[in-house]
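Geometric and topological summary
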Amino acid sequence: MDVFSAAVMLFLIIDPLGNLPVFASILRHLDPKKRRKVLIRELLFALVIMLSFLYTGEAILNFLDLRTESVSIAGGIILFLIAIKMIFPSPGGVAGMAAGEEPFIVPMAIPLIAGPSILAALILLAHTDNSRMTDWTIALVSAWGMSAFILMFYKLFTRILGEKGLIAVERLMGMVLVMISVQMLLDGISKYITHSGLS
């Protein structure tokens, strides 16, 4: 996987367009002067958390003695389930906050931006090829930067796309993520068959 493919995959998992309505509902109850400050703070928290997982993920997997193939197959399954949820979203909100309450790390930084899915994907990238950590860092920062831009201008994107437009874009992103997850799954199975001498 090259840097661009990794960045696209991470961007799709972060899913900023899908998070727009939730962010809008959380920030709507805050003082307008504090909204941008809170949003920037939460985005930076999320970046630090994701970078931490990217650089410690390899040590975690080595400790658990997991093979690359098993990580690739598991990652493909996880991404597939995420994509299905994007295409067929479940009803109900995810914020769980009282009106006027200022978010601090939860729920904006975690789990809306740096959720379990993106953290698992970062561990997978680090384990796939830990000699390319610079590439993975560039991919992560690029995906975070694109997501941050969309979320910083959440009002503009919500106004332009509308509710139905946001749903359509999120489901389209889900379809792309399905294809990426299936490729990861097939790569893992192929490597397992080759290394096990079953071919």
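If you're wondering where the values come from, they're calculated on a predicted model, not measured in any experiment.

On to the UniProt feature "transmembrane region" (unreviewed entry) in the protein, then. With numbering aligned to this structure, UniProt lists the feature "transmembrane region" (unreviewed entry) at residues 6–27, 39–64, 70–88, 104–124, 136–154 and 166–186. Secondary structure within residues 6–27 divides into 95% helix and 0% strand; the distance between the first and last C-alpha atoms comes to 30 Å.

The subject of this paragraph is the pattern of salt bridges. Here the structure, examined in full by the defined rule, presents 2 salt bridges. With a shortest N-O distance of 3.0 Å, Glu-42 and Arg-41 are connected by a salt bridge. Taking the shortest distance from any N to any O, the salt bridge between Asp-135 and Arg-132 comes out at 3.0 Å. Since its relative accessible area comes to 24%, Asp-135 is described here as partly exposed. When its relative accessible area of 23% is taken as the criterion, Arg-132 is described as partly exposed.

Okay, a nonpolar patch on the surface next. A cluster of nonpolar side chains, namely Ile-77, Phe-80, Leu-81, Ile-84, Phe-88, Val-182 and Leu-186, defines an oily patch on the protein surface of about 640 Å² accessible area. Taken together, the elements giving at least two residues each to the nonpolar patch come down to helix H4 (68–87) and helix H8 (154–196). For the nonpolar patch, the element with the most residues is H4, which contributes 4 residues. The topology assignment puts Leu-81 in helix H4. Exposure remark for Leu-81: the relative accessible area of 51% places this residue in the exposed category.

In the predicted model, the protein carries a mean pLDDT of 83, and 92% of its residues have values of at least 70. Within the protein, the element-level pLDDT minimum falls on H4, averaging 79, and the maximum on helix H7 (residues 133–152), averaging 95. The low-confidence segment residues 92–96 (pLDDT under 50) makes 5 contacts with residues lying over four places distant or belonging to another chain.

The periodicity of an α-helix, 3.6 residues per turn, causes residues three or four places apart in sequence to face the same way. If you check H7, its first and last C-alpha atoms are 27 Å apart, about what 20 residues at 1.5 Å a residue would give, namely 28 Å. Listing the buried residues of H7 in full gives Met-133, Trp-136, Thr-137, Ala-139, Leu-140, Ala-143, Trp-144, Ser-147, Ala-148, Ile-150, Leu-151 and Met-152. Looking at the buried residues of H7, the elements they touch are helix H1 (3–14), helix H2 (16–27), helix H3 (32–64), helix H5 (108–113), helix H6 (116–128) and H8.

Among the nonpolar cores identified, the biggest contains 61 residues, and Met-9, Leu-10 and Met-50 are the most heavily contacted of them. Counting only elements with at least two residues in this core, the list comes to H1, H2, H3, H4, H5, H6, H7 and H8. Beyond its immediate chain neighbours, meaning those up to four positions away, Leu-10 contacts Ile-118, Ala-121, Leu-122, Leu-125, Ala-139, Leu-140 and Ala-143.

A few words on the environment of Met-152. Turning to its location among the elements, Met-152 is positioned in helix H7. Judged by relative accessible area, which is 16%, Met-152 ranks as buried. Distance in space between the C-alpha atoms of Met-152 and His-195 is 46 Å, their sequence separation being 43 residues. Contacts of Met-152, omitting those with residues within four sequence positions, involve Arg-36, Leu-39, Ile-40 and Leu-43.

Let's shift gears to the packing of H1 against H8. In contact at an axis separation of 10 Å, H1 and H8 are set at 125° when each is read in the N-to-C sense. Compared by their axis directions, H1 and H8 come out oblique. Between H1 and H8 lies a crossing whose hand is left-handed. Here H1 contributes Met-9, Phe-11, Leu-12 and Ile-13 to the contact with H8, which in turn contributes Met-173, Val-176, Leu-177, Ile-180 and Met-184. For the contact of H1 with H8, a count of residues per class yields 9 nonpolar, no polar and no charged.

Conventions used here
Residues numbered from 1 in each chain as written. Predicted model: local features only at pLDDT ≥ 70, side-chain atom pairs only at ≥ 80, totals over all residues. Heavy atoms only, no water. UniProt positions renumbered as here; feature names shortened; annotations may be inferred. Helix = DSSP H or I, 4+ residues; strand = E, 2+ residues; numbered from the N terminus. Salt bridge = Lys/Arg side-chain N within 4 Å of Asp/Glu carboxyl O. Buried < 20%, exposed > 50% of the residue type's maximum accessible area, 1.4 Å probe, protein only. Patch = residues over 30% accessible without salt bridge, like charges linked within 9 Å, V, L, I, M, F, W, Y side chains within 5 Å. Areas by Shrake-Rupley, 256 points an atom, 1.4 Å probe, with all protein chains shown as cover. pLDDT = per-residue confidence, 0-100. Contact = heavy atoms within 4.5 Å. Expected span 1.5 Å × (residues − 1). Core = buried A, V, L, I, M, F, W, Y, C linked by side-chain atoms within 4.5 Å. Axes fitted to C-alpha atoms, helices over the stretch in contact; angles between N-to-C directions. Parallel < 35°, antiparallel > 145°, perpendicular 65-115°, else oblique. Left-handed = near helix turned anticlockwise from the far one by under 90°. Nonpolar A, V, L, I, M, F, W, Y, C, P; charged D, E, K, R; others polar.

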